[in-house]
Amino acid sequence: MREPEIELLCSQLASYYVFPDTANEIAKVLRARLDEGAYSTLDDDEAFAAAVTADLQSVNGDKHLRLLYSAEEVPETGQESAWDPVAYKKEAELDAFGIRKIERLEGNVGLLELSLLHDAEIATPAIIAAMNLIAHTDALIIDLRKNGGGDPHTVALVCSYLFDEQVHLNDIYNRPEDTTQQFWTLPHVPGPKFGGKKPVYVLTSARTFSGAEELSYNLQQNERATLIGETTKGGAHPGDRYRVGPHLKSAVPNGRAINPISGTNWEGVGVVPHIAVPADEAFSVAYKKATENK
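For every chain, the first residue of the written sequence is number 1, and numbering continues from 1 along that sequence. Thresholds applied to this predicted model are a pLDDT of at least 70 for local features of residues and 80 or more for the giving and counting of side-chain atom pairs; totals over whole chains, interfaces and linings are not thresholded and use all residues. Calculated side-chain values reflect all of the structure's heavy atoms, with hydrogen atoms and water omitted.

Chemist: Lay out the sheet that holds strand β7 (residues 200-204) in plain terms, naming residues and giving numbers.
Modeler: Each pair of strands is called paired provided DSSP finds at least two bridges between the two strands. Helix and strand definitions here come from DSSP, where helices need a minimum of 4 consecutive H or I residues and strands a minimum of 2 consecutive E residues; each element is numbered from the N-terminal end. An order of β2-β3-β4-β7-β8-β12 is seen for the 6 strands of this open sheet, with the pairing classed as mixed. The open sheet terminates on both sides in strands that have one partner only, identified here as β2 (99-105) and β12 (275-276). Pairing of β2 with strand β3 (residues 109-114), which is carried by 6 bridges, proceeds in the antiparallel orientation. When the bridges of β3 are listed, Leu105 appears paired with Val109.

Rendered as structure tokens:
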């Protein structure tokens, strides 16, 4: 009874997944599981999505590759992508564009806590305001311990305030378009920069994922920040979402990050911090260093 959803998902993998050969292997697993009857008793969409996600990730462990349950109905728009820009914009506004906290701590240490790196199209004014507010602090702590990722353009915008010169940060290969896009810091930014000389500390956890890992990795590879905390979750394959059913949509990675310095990325291995401590101790370690090293 789940054959239509599985076949549609296999078709999406064949069309979009960043590694075509791996897509074929994953599709074989899904069809074999279907034939075994693994999904036949899963009438509940949420349980079905969880079971399929486990099977999707069983071949190469790609944590971006998922079947997602949606409590609200996924509309049939006639478009391949299940992205709803209007709903997303409202969600981002209610989330304060991912800015959980911005503060000047005692000792003139800046603290910027980001829970998501929302799309630059709508988050740019808020990111600019936040970066301007901490520009004149003597040291900066960027807390990404609860950050699930986001837009590489927003990553580049944040980085643009932390360097004095233009820096090549990251490349992303896109399979459907067979193109590679470069991401650089911007040549000019509104307002004052924090700059490229003062110390920056990035807090990470095992939950830090995707675009937040890119931000951490970019700064680490360019020797611009000290990473403190836990090795991150390990997802470097951005993608899109596609309708699978009335309450189901797939998350299919169609790209992969390529760092211009390392030539690789953090997929499957995570970003390893300079100073490994439990996530809940990372702030105190960073703050102590920030106040000592000014």
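Chemist: So, helix α2 (residues 20-36): which residues are in play, and what are the values?
Modeler: Given the number of residues in a helix, its expected span is that number minus one, multiplied by 1.5 Å. With 17 residues, α2 ought to run about 24 Å at 1.5 Å a step, and its terminal C-alpha atoms sit 24 Å apart, in line with that. Residues of α2 that are buried include every one of Thr22, Ala23, Ile26, Ala27, Leu30 and Leu34, and no others. Buried residues along α2 cover an arc of 140° about the axis, so they all sit on one side. Exposed residues lying more than 90 degrees from the buried face of α2 are Asp21, Lys28, Asp35 and Glu36. Looking at the buried side of α2, the elements it contacts are α1 (3-16) and α3 (45-56). Directly beyond the C-terminal end of α2, a positive phi value near 85° is found at Gly37. Type-normalised accessible area, obtained with a 1.4 Å probe on protein chains alone, sets the label of each residue: buried when under 20%, exposed when over 50%, and partly exposed for intermediate values. Picture the helix axis, draw a direction to every C-beta atom, and the arc is the one those directions span. Contacts between residues were defined by any pair of non-hydrogen atoms, one from each residue, lying within 4.5 Å.

Chemist: Got a sec to walk through helix α8 (residues 282-292)? Specific residues and values, please.
Modeler: For α8, the full list of buried residues reads Ala282, Ala286 and Ala290. Relative to the axis of α8, the buried residues are bounded by an arc of 55° and lie together on one face. Residues of α8 that are exposed and point over 90 degrees away from its buried face: Lys288 and Glu292. Turning to α8, the residues buried within the fold contact β3, β4 (139-143), β7 and β8 (226-229).

Chemist: Help me get a handle on the environment of Glu281, residues and values and all.
Modeler: Along the chain, Glu281 turns up in the loop between β12 and α8. For Glu281, a relative accessible area of 39% corresponds to the partly exposed category. Note: C-alpha distance between Glu281 and Ile258 (23 residues apart in sequence) is 31 Å.

Chemist: Could you give an account of the nonpolar core, with specific residues and numbers?
Modeler: Definition used in this section: a nonpolar core is a set of buried Ala, Val, Leu, Ile, Met, Phe, Trp, Tyr and Cys residues joined via side-chain atoms within 4.5 Å. By size, the foremost hydrophobic cluster in this structure holds 42 residues, and its most contacted members are Met131, Leu162, Val202 and Leu219. Breaking this core down by element, the ones donating at least two residues are α4 (85-94), β3, α5 (120-133), β4, α6 (152-160), β7 and α7 (211-221).

Chemist: So what's going on with the side chain of Thr204? Residues and values would help.
Modeler: Residue position: Thr204 is located in strand β7. Its relative accessible area of 1% is what places Thr204 among the buried residues. Other than its neighbours up to four places away in sequence, Thr204 contacts Arg145, Ser216, Ile228, Gly229, Glu230, Thr232, Pro273 and Ala279.

Chemist: Before we move on, could you go through the packing of aromatic side chains and cite the residues and values that matter?
Modeler: Here is the rule: rings of Phe, Tyr and Trp (six-membered ring for Trp) pair when centre to centre is within 6.5 Å. Planes less than 30 degrees apart are stacked, more than 60 are edge-to-face, and the remainder are tilted. Per the stated rule, a full pass over the model turns up 5 aromatic pairs. A ring pair is formed by Tyr16 and Tyr242, whose centres lie 4.4 Å apart and whose planes are at 5°; its orientation type is stacked. With Tyr16 in helix α1 and Tyr242 in strand β9 (residues 239-245), the pair connects residues that are 226 residues apart, well separated along the chain. Residues Tyr16 and Tyr242 agree in their burial class; the two are buried. Look at Tyr17 and Phe19: their rings are 6.1 Å apart centre to centre, the planes differ by 75°, and that puts the pair in the edge-to-face class. A residue is classified by how much of its surface remains accessible, and Tyr17, at 0% relative accessible area, is buried. Exposure remark for Phe19: the relative accessible area of 28% places this residue in the partly exposed category. Any Lys NZ or Arg CZ that is within 6 Å of a ring centre and within 35 degrees of that ring's normal is treated as a charge sitting over the ring. Against the face of Phe194 rests Lys198, its NZ or CZ located 4.3 Å from the ring centre. If you follow Lys233 out to its NZ or CZ, it ends over the ring of Phe209, 4.9 Å from the centre.

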